[in-house]
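Descriptive analysis of the structure
One letter stands for each residue in the lines below.
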Amino acid sequence: MNNNITELNNRFSVDGIKFITGTGEMPVIEIANRFAAAKVALHGAHVMSYTPVGEDDLLWMSRSSWFEPNKPIRGGIPICWPWFGGHPTDSNLPSHGFARISEWQLESIELAAAGAHIIVLGLSDSKITRKMWNFAFKAELTVTVGAELRVELMMRNCDAQPFETGAALHNYFAVNDISQVKVSGLAGCAYLDTVDHNHKVQDGDICFPAETDNVYLDTAAEVIIHDNAQQRKISIAKNGSNSTVVWNPWCAKAARMPDFGDNEYTQMLCVETTNAESDTRTIHSGAEHRLETIISLV
Ligand code: TA6
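This section reports on the structure supplied with the text. (Residues numbered from 1 in each chain as written. Predicted model: local features only at pLDDT ≥ 70, side-chain atom pairs only at ≥ 80, totals over all residues. Heavy atoms only, no water.)

1. Observations regarding the overall build of the protein
Along the backbone of the protein there are three helices and 23 strands. By the compact-globule yardstick of 19 Å for 298 residues, the protein fits well, its C-alpha radius of gyration being 18 Å. Structurally, the protein occupies a C-alpha span of about 50 × 50 × 35 Å along its principal axes. When burial is assessed residue by residue, the protein has 55% of its 298 residues classed as buried. Counting only contacts in the protein whose residues sit at least 6 apart along the sequence, the fraction spanning at least 24 positions is 63%. Accessible area of the protein: about 12600 Å², with a carbon and sulfur share of 47%. Measuring between centres, the 23 positive side-chain charges of the protein sit 3 Å from its 36 negative side-chain charges. (Helix = DSSP H or I, 4+ residues; strand = E, 2+ residues; numbered from the N terminus. Rg over C-alpha atoms; globule rule 2.2 N^0.38 Å. Buried < 20%, exposed > 50% of the residue type's maximum accessible area, 1.4 Å probe, protein only. Contact = heavy atoms within 4.5 Å. Areas by Shrake-Rupley, 256 points an atom, 1.4 Å probe, with all protein chains shown as cover. Lys, Arg positive; Asp, Glu negative; His and termini not counted. Charge placed at Lys NZ, Arg CZ, Asp CG, Glu CD.)

Below is the structure:
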């Protein structure tokens with residue numbers, strides 16, 4: 001089944017749902033209901049925006065993002081799976097796994113009684129995925145667009161062997177000025193600073209005077225982004241995760257990324273719901289793991 005716009009509009013005619021051809025000729029689901037508007041690309045099952053009624057978009061998208069096959073969209077909520085970061089043994093394999101560069105299939109759309117939309121997209125193993133990761137699996141992304149944005153990645157082991165996976169819902173948030181942002185909820189938490197490769201403990205709130213790329217460990221805590229310049233607080237709660245990554249590339253790394261505008265780092269911040277580092281998960285044959293991020297305005 002292909003992701004043909006006409007076919008999608010015929011198959012999934014639900015109030016508040018429209019399929020459009022987005023940048024790069026990519027099919028995009030546009031969602032609008034009494035709570036919020038949102039956009040989800042079938043490429044990578046990529047949530048690109050979540051805009052509560054009367055508010056600005058909570059998610060950030062790079063103006064330089066690629067919208068091309070086999071390349072990730074920069075911004076929104078990339079799905080990092082079945083590994084987080086570089087592949088542990090083969091640097092030729094795509095950073096953050098293949099889920100975010102795969103074409104997912106739309107499985108269902110429901111308008112729930114309370115007025116939220118629930119969208120389910122699916123991805124199964126294929127010749128392409130097996131060349132990179134030789135396991136049978138079924139992944140499903142459930143996106144609930146309501147008073148909060150809930151994004152859940154379900155990963156099921158359809159193989160005869162157990163497999164170990166790293167994962168992230170790699171949330172990119174829009175902020176007005178990173179130099180006036182702080183993040184609370186991780187004080188006292190141990191973390192790996194991947195910029196200087198040292199293990200540290202978070203002292204109070206997180207501020208952003210330079211490149212920041214921290215993997216917080218043994219934490220299931222809700223985190224709050226305090227965007228003081230625009231008087232906005234964003235909550236990131238989660239399920240199925242004991243690690244949280246906080247990332248801002250700052251100027252030098254931003255300039256090295258072709259799909260990231262040189263000065264865009266001042267208006268974005270990643271707070272990622274992850275299974276990273278010691279929090280990778282072993283999923284046994286027939287079992288599944290669910291990783292969920294829950295995003296809302298405070
Ligand atoms: O989540 C933080 C991180 O691992 C950073 O180290 C940086 O590489 C970022 O992800 C983006 O990775 P990408 O492959 O999307 O450029």
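2. Focus on the state of the cysteines
Within this structure, the stated rule accounts for zero disulfides. No disulfide involves Cys-251; its sulfur sits 16 Å from that of Cys-270, the nearest cysteine. (Disulfide = S-S within 2.5 Å.)

3. Here's the deal with the site of the ligand
As a matter of local geometry, the ligand sits amid Arg-74, Phe-84, Ser-95, His-96, Arg-100, His-170, Asp-213, Val-245, Trp-247, Lys-253 and Glu-272. Separating an oxygen atom of the ligand from a side-chain N or O atom of His-170 is a distance of 2.9 Å. A total of 390 Å² of accessible area belongs to the ligand in isolation, and the protein chains cover 82% of it. Split into classes, the residues belonging to the shell around the ligand amount to three nonpolar, three polar and five charged. (Near = heavy atom within 4 Å. Polar contact = N/O pair within 3.5 Å; in protein donor to acceptor, adjacent residues only side chain to side chain. Nonpolar A, V, L, I, M, F, W, Y, C, P; charged D, E, K, R; others polar.)

4. Observations concerning the pairing of strand β21 (residues 268–275)
The element β21 is largely enclosed, with a buried count of eight among its eight residues. A two-sided burial pattern is seen for β21, the buried positions comprising Met-268, Cys-270, Glu-272 and Thr-274 on one face and Leu-269, Val-271, Thr-273 and Asn-275 on the other. Relative to β21, strand β11 (residues 167–169) is paired through three bridges, and the arrangement is antiparallel. Following the sheet pairing, Ala-167 is matched in β21 by Asn-275. Pairing of strand β20 (residues 243–248) with β21 involves five bridges; the strand directions are antiparallel. Bridging from a neighbouring strand, Val-245 pairs with Glu-272 of β21. (Pairing = 2+ DSSP bridges.)

5. Points about the side chain of Asp-259
Summarising the element assignment, Asp-259 is placed in the loop between α3 (250–256) and β21. Within polar-contact distance, the side chain of Asp-259 engages the side chain of Arg-74 at 3.0 Å. Setting aside residues no more than four positions away along its own chain, Asp-259 makes contact with Ser-62, Ser-64, Ser-65, Trp-66, Pro-72 and Arg-74.

6. A few points about the sheet that holds strand β13 (residues 181–184)
A sheet is described by the order of its strands in space; here nine strands give the open sequence β6-β7-β8-β9-β23-β19-β18-β13-β16, paired in antiparallel fashion. In this open sheet, the two edge strands, each paired with only one partner strand, are β6 (105–111) and β16 (206–207). With two bridges joining them, β13 and β16 adopt antiparallel strand pairing. Considered in β16, the bridge of Lys-182 is made with Cys-207.

7. Quick look at the sheet that holds strand β3 (residues 36–41)
Strand order in the open sheet made by the four strands is β1-β2-β3-β4, with antiparallel pairing throughout. The two strands at the open ends of the sheet, each matched to only one other strand, are β1 (17–21) and β4 (46–52). Taken over all neighbouring pairs, the strand axes of this sheet differ in orientation by 15° on average, direction set aside. (Axes fitted to C-alpha atoms, helices over the stretch in contact; angles between N-to-C directions.)

8. Some details on the nonpolar core
Within the largest apolar cluster, 77 residues are counted, with the highest numbers of intra-cluster contacts made by Ile-29, Trp-81, Trp-104, Leu-106, Leu-149, Ile-225 and Leu-269. With five residues, strand β8 (residues 137–145) is the single largest residue contributor to this core. Met-26, Met-48, Phe-67 and Ile-73 belong to the second-largest nonpolar core, a separate cluster that totals six residues. (Core = buried A, V, L, I, M, F, W, Y, C linked by side-chain atoms within 4.5 Å.)

9. A look at the packing of aromatic side chains
Under the definition given, this model contains 16 aromatic pairs. Aromatic rings pair up to connect Trp-81, Trp-83, Phe-98, Trp-133, Phe-135, Phe-137 and Phe-163 into one cluster. (Phe/Tyr/Trp six-rings, centres within 6.5 Å; stacked < 30°, edge-to-face > 60°.)

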